[in-house]
Amino acid sequence: MARQHTQLWSLAPSLMGALMLASGAAALGYQIVWTQQAALWLGHEGAATLAVVGAFFGGLALGAWALGGAVARSTRPARWYAACEAAVALWCGALFFLMAPASSAITALVGMQASAGWQALVTGLGTWLLFLPATLAMGATMPAMECLMAQRRKSGSRIAALYAANTLGGVLGVLGAAFVLVPQWGLLATAGVCSGLNLLCAVLAWLLPTTPMEPATQEAAPSHPQPGTAKRRFWAAVLALTGLLGVAYEVVVLRVLSQVAENTVYTLALLLAVYLMGTALGAALWARRRKHVQGAPREHVVQLLLGLALSCLLCGASLWLMPWFKAALLPLLGLLPVRGQTAALGTEALLAVIAFGLPTVVMGALFSALCEAAAAQGLGFGNALAVNTAGAALAPALWGLGLLVSWGAQAALLALVGGYALLGGLLLAWGPKRRNIKHLASPLAVVVVGAVAVGLAPPLRLLDMPAGGHVVSHQEGALGSVSVTEDPAGVRLLRINNRQQEGSNATALADARQAWLPLLLHPAPQRALFVGLGTGVTTSAAALDPALDVQAVELLPEVVQAARHFRDAVGDAVGQGQGLDRVAVHVADARRFLRHTPQQWDVIVADNFHPARAGSASLYTVEHFRAVQARLAPGGLFCQWLPLHQMDLATLRSIVRGFMAVYPQGRAVLATHSLQTPVLGLIASSITAPTPAAVSVRIASSHMVPGPVRFGLGDPWAVLGSEVAGPATLSRWSAAAPMNTDDHPVVAYLAPRATYEPADTPAERLQTLLADWEDAPPQRADRLAAYRLARTAFLRADMGVRPSADPARMLQQVREPLLAVLHLSPDFEPAYQPLLRMAQALQQRDPAQAEALLQELARVAPAAGGAQRALQELRAQPAPR
């Protein structure tokens with residue numbers, strides 16, 4: 001028995017490392033899962049990241065502080081470790097059943113339109129309490145393992161080795177969850193895998209020896225600093241501040257890189273993995289170095305603090321160059337045997353290495369050195385871990401919700417660099433040995449000079465600016481930065497984090513049609529809700545009808561303020577006081593708002609959210625579609641717009657399948673006839689689809705001046721002719737697609753492909769879609785069926801057109817194809833109007849050709865009338881001499 005005990009103990013170090021690796025993988029796997037689950041009640045992936053990070057570190061701190069002392073005094077730390085791992089597994093299993101009611105309770109307590117402070121308090125505290133039993137147990141696992149390793153290694157090297165193994169496991173957990181488990185199996189199944197890892201760790205730990213071989217050598221580590229022990233309190237304060245500043249650097253870099261990276265679920269996973277990899281490498285290097293290098297812990301800490309201030313300053317300064325790095329790295333990766341999405345993700349990973357690499361390596365070494373220095377003063381590892389993670393838990397609130405919003409990224413970066421430099425300077429000045437002051441004062445001076453240079457640099461906001469353009473407005477918010485830029489031609493763009501384009505005044509006609517198409521498909525709407533405000537053009541267009549009560553719900557208050565710069569995009573009715581001023585805007589999370597408001601609307605229109613951007617895919621889930629359904633008044637109509645130019649057909653299939661699961665009578669329409677930016681709408685209504693006669697009555701009943709005709713919707717054929725697929729076609733086409741749900745967010749993982757590696761152009765995507773759907777038999781009268789055939793022919797004819805400012809060259813390309821479209825349907829105005837304008841443009845240059853074209857138009861579409869009038873004007877002109 002003793003021999004078996006000895007053999008088992010000889011394998012303990014390797015087993016302990018494996019346990020730390022598996023435990024770290026499970027912990028960070030949970031963090032990925034919890035972040036996506038929390039985003040469902042917080043409304044934004046950025047907010048969820050801050051809340052979960054704060055809850056995660058807060059729970060770890062409490063667990064290390066509350067249980068670390070008992071673990072250190074125990075003669076059986078393996079049992080403690082096994083019990084903690086089992087507790088994590090059990091609570092995460094309980095979350096399978098508790099997550100939904102808990103999230104509902106949190107959102108109900110927050111309310112529909114909570115203030116930023118109340119929302120941050122409730123969601124932060126609620127998230128912390130929800131995950132506390134698991135994070136509390138996690139916080140005691142490292143102190144327990146440190147006690148087990150106490151005989152095997154010296155204090156500094158063993159803590160560094162534990163930290164390195166645990167953090168490396170976190171890297172594996174992040175990448176495995178984000179790239180494999182969640183896309184394939186969903187959130188609950190991924191959490192189940194992580195729970196299985198915890199249980200495996202518990203079982204293996206139970207097999208470890210219950211008593212150390214040499215108990216006399218076990219270090220005594222008191223649970224709490226003794227009252228009045230100034231040195232212990234001092235090192236505890238340093239540990240807390242370095243934890244705060246380390247996560248603060250992560251928060252700042254994530255905010256800045258969100259203006260360069262694509263902000264998909266893969267982006268966040270890669271950035272977190274690089275951050276963890278750097279700290280793991282730093283801890284491992286420190287463990288190796290401490291075997292050979294002797295010296296006072298204080299001197300090592302001073303060196304690392306000043307080195308960290310320098311590295312944060314240097315890599316922080318590189319943030320200004322990130323757009324250049326991205327432009328240079330992507331072609332370089334193209335020289336390797338990697339393409340498309342792999343190359344794009346590799347570029348994002350390299351950007352993270354540039355920003356995180358050196359500082360995180362020093363952070364890993366610094367934490368290990370601080371634990372060693374604290375241990376030399378009698379501060380146990382459990383307490384050291386507790387105060388460090390407690391400081392880290394405060395960073396999301398202090399930096400993410402405080403300094404970044406109030407001061408901006410540049411000042412927030414300088415604040416954390418100054419914090420590191422100040423700590424190093426204090427340790428340098430107050431140290432008992434001052435022989436290295438002159439040597440260490442030089443890097444401190446470099447930090448000061450560098451900080452001044454960074455402070456004098458341009459603001460750290462990375463905006464894609466058109467040549468000759470300027471910034472109209474820029475605001476830093478708790479959930480992102482919102483900017484409005486304008487080019488020399490007066491075209492204004494609204495962007496979130498510089499990546500997500502929310503609209504432009506140049507697309508006002510298309511945006512207005514996205515309001516009026518669904519409004520005209522309802523027989524008599526009185527109240528309309530728009531989910532997502534953007535530039536406000538769509539809601540402003542709806543509000544041009546003074547008889548319509550128009551409301552909107554928008555998550556970011558900065559977007560609401562930026563929308564004021566687009567007030568003139570549609571043009572208000574003179575003297576009516578209409579437009580954006582008539583829109584009642586609710587600043588709230590749309591999912592939470594729709595679940596808890598008692599109101600109902602006749603028409604609900606959801607914006608075309610980019611599905612690849614973090615958090616947007618949750619607005620395309622089955623659960624969200626059901627919440628919308630509950631808010632429709634009897635006979636109400638729901639329209640979900642989809643940016644076909646920003647998603648591939650696989651993503652579209654999943655969204656359509658989920659939509660049809662909730663609305664079996666759903667139909668699909670096209671907002672415009674654009675090939676560059678096609679927008680598809682999914683329409684659901686509980687009443688029978690309208691007839692041309694009913695739509696004519698609806699158009700006439702509009703109180704808008706001069707009427708829907710201003711948006712190209714002046715006749716029933718333009719409205720009903722926008723339909724491209726009916727219920728049978730949509731159900732058949734999407735039947736085999738995976739359904740996008742809250743638990744299995746397949747869209748979030750499918751959609752990035754069209755962003756990173758588009759397999760086709762938007763025009764080709766639209767043509768493929770129309771070909772897939774064209775076998776649907778017409779369900780309307782012959783005139784409407786002819787209009788739809790003409791629309792498809794028009795879109796196909798437009799594929800080969802090369803734009804030209806010369807009307808003669810354009811006419812040469814489009815004359816016959818557009819006339820063929822009009823032969824199919826004389827009602828098809830989008831083909832008629834371009835030919836009429838080209839004929840009018842040629843009246844002076846080539847009267848004979850202009851007259852021939854006008855005669856042909858008058859013959860093919862006599863009811864239009866425009867060609868006859870133009871022909872009369874042409875013939876009334878005096879003959880040239």
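What counts as what
Residues numbered from 1 in each chain as written. Predicted model: local features only at pLDDT ≥ 70, side-chain atom pairs only at ≥ 80, totals over all residues. Heavy atoms only, no water. 1 Å grid on protein atoms, 1.4 Å probe; cavity = no way out; pocket = protein on both sides within 12 Å on 5 of 7 lines; lining within 4 Å. Points joined across faces, edges and corners; volume = space filled by probe spheres on them. Helix = DSSP H or I, 4+ residues; strand = E, 2+ residues; numbered from the N terminus. Nonpolar A, V, L, I, M, F, W, Y, C, P; charged D, E, K, R; others polar. Buried < 20%, exposed > 50% of the residue type's maximum accessible area, 1.4 Å probe, protein only. Polar contact = N/O pair within 3.5 Å; in protein donor to acceptor, adjacent residues only side chain to side chain. pLDDT = per-residue confidence, 0-100. Contact = heavy atoms within 4.5 Å. Salt bridge = Lys/Arg side-chain N within 4 Å of Asp/Glu carboxyl O. Expected span 1.5 Å × (residues − 1). Bend = angle between axes of the 7 residues up to and from the residue. Axes fitted to C-alpha atoms, helices over the stretch in contact; angles between N-to-C directions. Parallel < 35°, antiparallel > 145°, perpendicular 65-115°, else oblique. Pairing = 2+ DSSP bridges. Right-handed = clockwise from strand over helix to strand, strands pointing away.

**Some remarks on empty space enclosed by the protein**
Move 1: According to the stated counting rule, one finds seven cavities of 30 Å³ or more in the structure shown.
Move 2: Phe57, Leu60, Tyr163, Thr167 and Thr389 are, among the 39 residues lining the second largest cavity, the residues nearest its centre.
Move 3: The dominant element in the lining of the second largest cavity, judged by the number of residues it contributes, is helix 2 (residues 12-42), at six residues.
Move 4: Along the lines of polarity and charge, the residues of the lining of the second largest cavity split into 23 nonpolar, 14 polar and two charged.

**Section: the side chain of threonine 35**
Move 1: Its place among the elements puts threonine 35 in helix 2.
Move 2: Residue classification places threonine 35 among the buried residues on the basis of a relative accessible area of 7%.
Move 3: Of note is the side chain of threonine 35, whose polar atom sits 2.7 Å from the backbone oxygen of glutamine 31.

**Here we look at the confidence of the model for the chain**
Move 1: Per-chain confidence: the chain averages 84 in pLDDT, with 87% of residues scoring 70 or above.
Move 2: The lowest-confidence element of the chain is helix 1 (residues 2-10), averaging 45 in pLDDT; the highest-confidence one is strand 8 (residues 601-606), averaging 97.
Move 3: Contacts of residues 1-11 to residues separated by more than four positions or lying in other chains number 12 contacts, the stretch itself having pLDDT below 50.

**Here's the deal with the pattern of salt bridges**
Move 1: Under the counting rule described, the total for this entry stands at 15 salt bridges.
Move 2: In this structure, arginine 567 and aspartate 581 form a salt bridge, with 2.9 Å as the shortest nitrogen-oxygen distance. Within this pair, whereas arginine 567 is found in the loop between helix 18 (557-562) and strand 7 (584-587), its partner aspartate 581 is found in the loop between helix 18 and strand 7, the two being separated by 14 residues in sequence.
Move 3: We note a salt bridge from glutamate 856 to arginine 859, for which the minimum N-O separation is 2.7 Å. Of this pair, glutamate 856 and arginine 859 both sit in helix 31 (residues 847-860), three residues apart, which is roughly one turn of that helix.
Move 4: Each of the salt bridges in this network shares a partner with another, and the network as a whole consists of Glu262, Lys326 and Arg613.

**Remarks on helix 4 (residues 77-110)**
Move 1: Spanning 34 residues, helix 4 covers only 41 Å between terminal C-alpha atoms, well under the ideal 50 Å at 1.5 Å per step.
Move 2: Largest kink in helix 4: about 55°, centred on leucine 98, with the proline proline 101 one to four residues after it.

**Comments concerning unusual backbone geometry**
A negative phi angle characterises most non-glycine residues, just as the trans form characterises most peptide bonds.
Move 1: The phi angle at asparagine 263 is positive, at roughly 60°, despite the residue not being glycine.
Move 2: Mapped onto the elements of the fold, asparagine 263 is located in the loop between helix 8 (230-257) and helix 9 (265-289).
Move 3: The exposure class of asparagine 263 is buried, given its relative accessible area of 16%.
Move 4: Of note in the backbone geometry, asparagine 497 takes a positive phi value of approximately 55° without being a glycine.

**Details of the packing of helix 21 (residues 649-662) against helix 27 (residues 762-773)**
Move 1: Two elements in contact, helix 21 and helix 27, have axes separated by 11 Å at closest approach and are oriented at 50°. As the angle between them shows, helix 21 and helix 27 are arranged oblique. Contacts between helix 21 and helix 27 involve Leu649, Leu652 and Arg653 on the former and, on the latter, Arg765, Thr768, Leu769 and Asp772.
Move 2: Residues belonging to the contact of helix 21 with helix 27 are distributed by class as follows: three nonpolar, one polar and three charged.

**Some details on the pairing of strand 6 (residues 549-554)**
Move 1: Within strand 6, five of the six residues are buried, leaving the element largely enclosed by the surrounding structure.
Move 2: The pairing of strand 5 (residues 527-531) with strand 6 spans five bridges and is classified as parallel. What sits directly across from leucine 529, in strand 6, is glutamine 551.
Move 3: Traced from strand 5 through helix 17 (residues 537-542) to strand 6, the parallel crossover comes out right-handed.
Move 4: Relative to strand 7, strand 6 runs parallel, the two being bridged by four bridges. Bridge assignment links alanine 552 to a residue of strand 7, and that residue is valine 585.

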